[in-house]
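Letter by letter, the chains look like this.
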Amino acid sequence: MGLIFNTEKQIKEYGDKIPADKKADIESALNELREAHKAQDLDAIDTASQKLNTAWQAASQDLYQASNEAGADDTAPNAGAAGGSASGGADDVTDVEYEEVDKK
């Protein structure tokens, strides 16, 4: 269910930026995944998950390209996931104190 929830969240967040044909592919794969989940069909879940991932990869490429053309590298989904964003990603870092507890 996590993949379904995350996909729904990303569609809401980036929906207006995703090209219509790519968005239709994502929604179609998402519906297949929902049906497979309801039927508890593991093979169908795997197949639908792969279709969903493929659809998102295609859409992400378009989003990334569009953001580069607009000069806004940080607007694409997962822009900083692999090694940080162009700005260094320091805006969402919080320093906290912690104490290690020995469980013995």
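Whatever comes next refers back to the structure up there.
Only a predicted model underlies this, so the values are computations on that prediction, with no experimental measurement involved.

1. Examining the side chain of Lys22
With respect to the helices, strands and loops of the structure, Lys22 is situated in helix H2 (residues 20-39). In this structure Lys22 comes out as buried when scored by relative accessible area, which is 19%. Not counting chain neighbours up to four residues away, the residues in contact with Lys22 comprise Ala58, Ala59 and Asp62.

2. Notes on the nonpolar core
Ile11, Ile18, Ile26, Leu33, Leu52, Trp56 and Ala59 are the most contacted members of the largest nonpolar core, which has 15 residues in total. Residue assignment for this core shows that the elements contributing at least two residues are helix H1 (2-14), H2 and helix H3 (42-70).

Conventions we followed
- Residues numbered from 1 in each chain as written.
- Predicted model: local features only at pLDDT ≥ 70, side-chain atom pairs only at ≥ 80, totals over all residues.
- Heavy atoms only, no water.
- Helix = DSSP H or I, 4+ residues; strand = E, 2+ residues; numbered from the N terminus.
- Buried < 20%, exposed > 50% of the residue type's maximum accessible area, 1.4 Å probe, protein only.
- Contact = heavy atoms within 4.5 Å.
- Core = buried A, V, L, I, M, F, W, Y, C linked by side-chain atoms within 4.5 Å.

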